[in-house]
Amino acid sequence: MRRAVCPGSFDPVTNGHVDVIARAAGLYDELVVAVLVNPGKAGLFDVHERMSLLREAVVDLPNVTVDSFEGLLVDYCLAQQIPVIVKGLRAVGDFEYELQMAQMNRELAAVETLFVPTAPQVGHLSSSLVKQIARFGGDVSSLVPKAVNDRLVAQSRGRQS
Ligand code: PNS
């Protein structure tokens, strides 16, 4: 059984993430989407909300599961016996850091990294920009799954009332 992990912060999941997840799911028998638990960095959504939004976003992908991890990604990979990490690459700007992490993860635990170039239609998306736009009342409905948009709109209404 070929397994891979697609790790990230997913705060929140965007259509760019979904594009990479869906394409990676087509390459492996099982793909685990793993949300980083980072106690030092509070996000907009807590880890349980991120996982719940991810589960809704991948509901049509039967070989995708959603999990979380804390600490080193390679330790999670070893514990779960997952030999491959899948990361999306949007542009050259992503490449330098992603290459460094891929090389480090291979050195630490012989875990390989597969890079999937994002589709051009979603190459400009980032969770940070989505949050910024939503915070100021902008429309992000074309940038994120419906459940995420609904949550962002509800949060924005909550702030206004
Ligand atoms: O969505 P992000 O924030 O780009 O995801 C980055 C992530 C979670 C994949 C990366 O920060 C990570 O792997 N963190 C876990 C800690 C770790 O293993 N660090 C060493 C990397 S060589």
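These numbers were taken from a predicted model, which means no experiment stands behind them.

Student: Is there a simple way to explain the sheet that holds strand S5 (residues 112–117) in this structure?
Tutor: Strand pairing in a sheet relies on backbone hydrogen bonds, with the paired strands running either antiparallel or parallel. Reading across from one edge, S3-S2-S1-S4-S5 is the order of the five strands in this open sheet, with parallel pairing throughout. In this open sheet, the two edge strands, each paired with only one partner strand, are strand S3 (64–70) and S5. Across the sheet, the mean angle separating the axes of adjacent strands is 35° when strand polarity is ignored. Along the sheet, helix H2 (residues 47–57) makes contact with strand S2 (30–37) and S3, crossing S2 at roughly 155°. Of the strands in this sheet, strand S4 (84–89) and S5 touch helix H4 (residues 92–109), which is tilted by about 175° from S4.

Student: Sorry, what's going on with the environment of Asp150 here?
Tutor: On the secondary structure map, Asp150 appears in helix H6 (residues 146–160). Judged by its relative accessible area of 37%, Asp150 is partly exposed. Considered as a pair, Asp150 and Pro39 are 111 residues apart in the sequence and their alpha carbons are 26 Å apart. Within the structure, Asp150 has its side chain in polar contact with the side chain of Lys146 (distance 2.7 Å).

Student: Would you mind showing me how to read the environment of Leu54 here?
Tutor: Inspection of the secondary structure assignment puts Leu54 in helix H2. Along the backbone, Leu54 and Pro145 are 91 residues apart, and their C-alpha atoms lie at a distance of 9.0 Å.

Student: For this particular structure, what's the right way to read the site of the ligand?
Tutor: In the vicinity of the ligand, the residues found are Pro7, Gly8, Ser9, Leu36, Phe69, Gly71, Leu72, Leu73, Lys87, Met101, Met104 and Asn105. Between Ser9 and the ligand, the recorded distance is 2.6 Å, taken from a side-chain N or O atom to an oxygen atom. Leu73 has a polar backbone atom sitting 2.8 Å from an oxygen atom of the ligand. Within the complex, 70% of the 560 Å² of free accessible area of the ligand lies under protein. Within the residue set of the shell around the ligand, elements represented by two or more residues are strand S1 (3–8) and H4. The biggest single contributor to the shell around the ligand is H4, with three residues. When its residues are assigned to classes, the shell around the ligand shows seven nonpolar, four polar and one charged.

Conventions used here
Residues numbered from 1 in each chain as written. Predicted model: local features only at pLDDT ≥ 70, side-chain atom pairs only at ≥ 80, totals over all residues. Heavy atoms only, no water. Pairing = 2+ DSSP bridges. Helix = DSSP H or I, 4+ residues; strand = E, 2+ residues; numbered from the N terminus. Axes fitted to C-alpha atoms, helices over the stretch in contact; angles between N-to-C directions. Contact = heavy atoms within 4.5 Å. Buried < 20%, exposed > 50% of the residue type's maximum accessible area, 1.4 Å probe, protein only. Polar contact = N/O pair within 3.5 Å; in protein donor to acceptor, adjacent residues only side chain to side chain. Near = heavy atom within 4 Å. Areas by Shrake-Rupley, 256 points an atom, 1.4 Å probe, with all protein chains shown as cover. Nonpolar A, V, L, I, M, F, W, Y, C, P; charged D, E, K, R; others polar.

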